[in-house]
Amino acid sequence: MTKKSNAARLKIEKDIEAYLSGEVPSPLDMQRAAKLDNWVTSVRRRGKEFVMVLCGDVSRHPQIEDGGNIHTSAVLWLDRHARFCRTVRRVYALGSASR
Amino acid sequence: MSDVDARILWLAGVICIPTWRAAFRAASDRTLRLAGFDAFVELQAAGTIHIGEQSRIVFGFADRANDPILRAAWQMLALHPDDGMGIHAVVAGVNGLLCSADGDTSGARARLRIWDDVARGKYTGGDFFELAELYWRGEMHHMVAAEEDETRASSGIPACVAMLEHNRWDAALAWLIGETDRQVAGLGIKTPNMRERDRETLAATISEFADLLFAQGRPWTGELALAWQMLTCDPKRPPSFTAVLPQLQYALDHSDVRDEEACNLRERIRIWWRAAEGEWTDSVVSVFRIADVETQRDPDVDDPDLQPTPPPRWTSIGVIMSVDQALAPEIDGPTLVVMPGRKATKLNNFQAAYKDLVDAALPLVVARDVAGIRAAMHLEFPHAVTAIDLLLRDLRDGQPAVFKPVILVGSPGAGKSRVVRRMADLTRVVVYRFDASSSTDGHFGGTSKGWGNTEPSVPMRAVAQSRTANPVVLVDEIEKSAGGGASGSLWSSLLAFLDRETAGRYRDQSLDAEVNLSAVSYVATANDVTRLPAPLRDRCRIIKVPDPGLQHLPQLAAQVMRDLAIEDEARSGDVPLAGDELAVIGKAWAKAGFSMRKLQKIVTATLDARDNYAQRH
């Protein structure tokens with residue numbers, strides 16, 4: 001395993017543990033995080049396993065133009081009040097859901 | 001032990017001295033040796049009784065001591081009860097030192113908590129050492145409890161993952177209420193009343209309670225909260241899964257589940273995902289039930305003729321009954337026919353004892369009050385809390401007590417066999433002990449009917465002796481079994497019994513009958529599993545029973561006293577062990593290597609000594 005992916009894995013572990021302890025990303029993190037509007041959840045199959053992804057209109061994403069309709073990488077944690085979600089790659093701040 | 005550790009342990013010793021004067025003397029002696037001045041003489045020469053002045057002089061000694069640990073001792077001696085900030089600062093520093101040392105400093109740390117309480121004004125008095133001597137035992141109990149909390153939190157399977165195993169919504173709820181009560185007992189949280197039948201209110205109650213659990217700020221309460229949220233997942237409303245499944249999958253992927261169980265759990269969570277996709281929106285049953293039904297089905301077999309016979313289910317009386325059965329006293333609860341007559345041949349004279357087992361519906365011992373059993377065993381084996389949790393994981397209230405094969409590993413005297421026996425006592429299943437160290441062949445699986453002194457397999461003998469369908473076969477010291485030559489070995493003949501499906505249709509070569517031993521449980525003990533063949537290790541859950549430590553002494557010693565009282569009535573009036581007695585026992589026990597058997601002997605010896613020196617009138 002490369003050094004970088006190892007660091008990312010540790011970061012994920014730390015984040016999930018924080019969420020389990022009832023913490024949420026700080027307001028500053030939420031400000032900086034990519035934002036997803038008009039999102040819907042979608043369950044995808046990966047071989048035998050399943051993952052959930054979110055599809056929606058993105059803004060503030062480091063690699064994608066604002067307004068692009070994207071689907072995220074696999075969601076690891078979706079906040080029960082739908083304020084944010086943690087995917088394999090990053091934290092998304094969630095705007096209004098579609099429907 | 002390193003030099004630094006030895007010095008820190010000296011400091012811990014000083015803290016445990018019961019008066020300031022004696023502690024001062026001890027520090028002074030050491031100062032004379034290390035720093036070359038006699039503090040005792042100097043203080044007497046100063047001739048002062050004014051407490052502020054005295055404290056200033058003592059603090060001067062701290063400045064002159066080069067050794068940081070000696071300095072800490074002088075700082076403690078110089079402390080004044082009114083100097084709250086000073087006490088906190090010194091105590092925090094010393095606490096750090098004590099925690100870093102390699103050795104038991106818990107007594108000293110418990111005493112330091114009293115020092116802190118003095119700073120907070122909980123206790124009043126001038127002599128910290130005397131106050132600590134009076135009150136430290138209560139703090140010790142708190143510390144032991146807190147350590148248990150830690151081991152609890154880091155051990156076992158997260159509650160949310162364990163929830164996947166349940167086959168019904170209400171069974172899951174009942175288990176979760178018990179589990180939550182047990183885990184959060186120390187936090188002062190109460191599980192909500194789940195009597196309301198209305199789905200909406202129930203969901204609201206659960207969501208509120210999940211918020212409360214998340215608010216506790218610990219990862220394991222978060223796992224419990226997730227488990228509660230799982231109860232709100234409804235296959236009719238797929239969106240109800242979205243805020244649960246991703247984190248549940250993550251928890252499963254990162255939890256410490258053994259392979260074969262992980263397989264089963266993964267299969268179940270896939271059903272949950274399919275429910276989240278909306279596969280069962282017209283279902284009237286819960287996702288727990290769906291997962292149960294779906295995982296029973298084998299999708300690879302299409303031809304009905306090739307379908308394997310379904311795994312044995314708990315049969316109830318009343319399908320086909322012989323006259324004998326109809327006349328037999330009615331048994332409440334589930335039963336299992338271990339020896340169906342149509343699959344048995346005529347028994348010979350050596351097997352008379354097994355004749356009345358043919359077609360007999362034997363009762364299955366049902367587990368009751370699992371939470372209570374767990375609590376009782378935690379109390380009795382404070383050092384093996386994790387092991388007990390793992391061992392009792394398979395028990396469900398109201399279902400037959402059947403365990404997956406388990407090997408308990410631990411050093412001699414850690415209490416392995418005793419754990420099994422106590423568990424059997426509490427669940428009321430019968431234990432059949434088999435000593436592996438005297439087994440050199442495959443006798444475990446029974447001997448052929450052709451031999452004169454033919455004998456059925458050990459599990460069958462256990463069934464016959466217990467007259468229940470689910471006894472526990474305890475294979476003691478499994479790694480000490482010899483053999484493996486032409487006459488087979490215990491290990492290889494044991495394998496056939498460990499797979500539940502094979503055991504459900506085992507052909508006993510002595511009885512020449514196909515018997516259903518699927519409900520028999522196997523628990524083995526071992527000092528070391530590295531010698532065991534891999535197939536055996538793979539089929540068993542290996543649970544480590546750790547050695548007890550000094551911190552468990554008060555509880556364990558009390559338990560030994562209770563046992564002695566049961567054995568010997570003269571002992572039932574004994575006064576509980578006092579602190580100094582415990583200290584002596586602890587020392588002797590540490591020397592003897594923390595074995596439960598040794599502890600029993602030491603406690604007995606202490607009580608005998610106490611009797612001998614008792615005043616007689």
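Residues numbered from 1 in each chain as written. Chains lettered and ligands numbered in written order. Predicted model: local features only at pLDDT ≥ 70, side-chain atom pairs only at ≥ 80, totals over all residues.

## Examining the overall build of chain B
- On a plain count of helices and strands, chain B comes out with 26 helices and 11 strands.
- Buried residues in chain B amount to 37% of all 617 residues. (Helix = DSSP H or I, 4+ residues; strand = E, 2+ residues; numbered from the N terminus. Buried ≥ 20, exposed ≤ 12 C-beta atoms within 10 Å, placed from the backbone.)

## Description of the overall build of chain A
- Each helix and strand in chain A was counted, giving two helices and six strands.
- Seen in sequence order, chain A has helices and strands lined up from the N terminus as α-α-β-β-β-β-β-β.
- Burial status across chain A gives 23% buried among its 99 residues.
- Looking at chain A alone, contacts between residues at least 24 apart form 37% of all its contacts between residues at least 6 apart. (Contact = placed C-beta atoms within 7 Å.)

## With respect to the packing of helix 10 (residues 169–184) of chain B against helix 12 (residues 219–230) of chain B
Residue and element names in this part refer to chain B.
- The geometry of helix 10 relative to helix 12 is characterised by a closest axis approach of 11 Å and an angle of 165° between their N-to-C directions. Overall, the two elements helix 10 and helix 12 adopt an arrangement that is roughly antiparallel. Taken as a pair, helix 10 and helix 12 cross one another with a handedness that is left-handed. Here Leu176, Thr180, Gln183 and Val184 of helix 10 come into contact with helix 12, specifically with Trp220, Thr221, Leu224, Ala227 and Trp228.
- Along the lines of polarity and charge, the residues of the contact of helix 10 with helix 12 split into six nonpolar, three polar and no charged. (Axes fitted to C-alpha atoms, helices over the stretch in contact; angles between N-to-C directions. Parallel < 35°, antiparallel > 145°, perpendicular 65-115°, else oblique. Left-handed = near helix turned anticlockwise from the far one by under 90°. Nonpolar A, V, L, I, M, F, W, Y, C, P; charged D, E, K, R; others polar.)

## Here's the deal with the interface of chain B and chain A
- In this complex, chain B contributes 19 residues to the contact, which on the side of chain A involves 16 residues.
- When contributions to the side of chain B that touches chain A are tallied by element, the ones reaching two or more residues are helix 12, helix 13 (245–253) and helix 14 (259–277) of chain B.
- When grouped by side-chain class, the residues that make up the side of chain B that touches chain A number nine nonpolar, six polar and four charged.

## A short note on helix 6 (residues 84–100) of chain B
Residues and elements named next belong to chain B.
- Taking 1.5 Å as the rise per residue, helix 6 with 17 residues should run 24 Å; its terminal C-alpha atoms sit 25 Å apart, in good agreement.
- Turning to helix 6, its buried residues number three or more, namely Ile87, Val90, Val91, Val94 and Leu98. Down the axis of helix 6, the sector holding all buried residues measures 100°, keeping them to one side. Seen from the buried face of helix 6, the exposed residues on the opposite side, beyond 90 degrees, are Met85, Ala92, Gly96, Cys99 and Ser100. (Expected span 1.5 Å × (residues − 1). Arc of directions from axis to C-beta.)

## Focus on the nonpolar core
- In this structure, Val338 and Ala557 of chain B are the most contacted members of the largest nonpolar core, which totals 85 residues.
- Counting contributing residues per domain, this core is built from domain 3 (370–544) and domain 4 (550–613) of chain B, each supplying no fewer than three.
- When residues no more than four places from it in sequence are discounted, the contact partners of Ala557 of chain B are Leu577, Leu582, Ile585, Leu599 and Val603 of chain B.
- In terms of nonpolar packing, the next biggest core, distinct from the first, is built from 58 residues, Met52 of chain A together with Ala227, Ala251 and Ile269 of chain B among them. (Core = buried A, V, L, I, M, F, W, Y, C linked by C-beta atoms within 7 Å. Domains from an automatic or database assignment.)

## Quick notes on the sheet that holds strand 3 (residues 406–409) of chain B
All names here are of chain B.
- Read from one edge of the open sheet, five strands run 4-5-10-3-11, paired in parallel fashion. Both edges of this open sheet fall to strand 4 (431–435) and strand 11 (541–544), since each of them pairs with a single strand only. Here the average twist between neighbouring strands, direction ignored, is 20°.
- Here strand 4 runs beside strand 5 (residues 472–476); their pairing, made up of five bridges, is parallel. When the sheet's bridge partners are listed, Phe434 is paired in strand 5 with Val475.
- Sitting on the sheet, helix 20 (residues 458–466) is in contact with strand 4 and strand 5, with an inclination near 145° to strand 4. (Pairing = 2+ DSSP bridges.)

## Let's talk about the sheet that holds strand 3 (residues 69–71) of chain A
All names here are of chain A.
- Taken in spatial order, the six strands of this open sheet run 3-2-1-6-5-4, and their pairing is mixed. Only two strands of the sheet have a single neighbouring strand rather than two, namely strand 3 and strand 4 (75–78). Taken pair by pair, the neighbouring strands of this sheet meet at an average axis angle of 30°, ignoring direction.
- Across 10 bridges, the pairing between strand 1 (residues 34–46) and strand 2 (residues 49–59) is antiparallel. If you follow Leu36 over to strand 2, its bridge partner there is Val58.

## Re the environment of Arg562 of chain B
Residues and elements named next belong to chain B.
- Residue position: Arg562 is located in helix 24 (residues 553–567).
- Taking the C-beta count within 10 Å as the criterion, Arg562 has 13 such neighbours and is therefore assigned partly exposed.
- Arg562 sits 14 residues away from Pro576 along the chain, and the two C-alpha atoms are 9.8 Å apart.

## A look at unusual backbone geometry
Residues and elements named next belong to chain B.
- A positive phi angle, near 55°, is found at Arg467, a position not held by glycine.
- One non-glycine residue with positive phi stands out, namely Glu477, at about 55°.
- In this structure, Glu477 sits in the loop between strand 5 and strand 6 (483–485).

## What about the pairing of strand 5 (residues 84–87) of chain A?
All names here are of chain A.
- Side chains Phe84 and Arg86 of strand 5 all project onto a buried face; the interleaved residues Cys85 and Thr87 project onto the opposite face, where all are buried too.
- Sheet topology note: the strand 4/strand 5 ladder contains three bridges and is antiparallel. Paired with Val75 across the bridge in strand 5 is Thr87.
- Here strand 4 hands over to strand 5 after five residues, with Ala82 in that stretch at a positive phi of 55°.
- Here strand 5 runs beside strand 6 (residues 91–94); their pairing, made up of three bridges, is antiparallel. Within strand 6, the position partnered with Arg86 by the bridge is Val91.
- Between strand 5 and the antiparallel strand that follows it, strand 6, lie three residues.

## As for the environment of Leu20 of chain A
- Relative to the elements of secondary structure, Leu20 of chain A occurs in helix 1 (residues 3–20).
- Accessibility expressed as a C-beta count within 10 Å gives 26 for Leu20 of chain A, which makes it buried.
- Residues Leu20 of chain A and Trp77 of chain A, 57 residues apart in the sequence, show an inter-C-alpha distance of 9.7 Å.
- Those residues in contact with Leu20 of chain A that sit more than four places away from it in its chain are Pro219, Gly222 and Glu223 of chain B.

## A look at the confidence of the model for chain B
Residues and elements named next belong to chain B.
- Here chain B averages 79 in pLDDT, and 88% of its residues register 70 or above.
- Between the elements of chain B, mean pLDDT differs from a low of 38, seen in helix 16 (residues 323–327), to a high of 92, seen in helix 13.
- Long-range and interchain partners of residues 299–331, a stretch whose pLDDT sits below 50, account for 25 contacts in this model, where long-range means more than four residues apart.
- Interface scoring of the predicted complex returns ipTM 0.94; its pTM is 0.42. (pLDDT = per-residue confidence, 0-100.)

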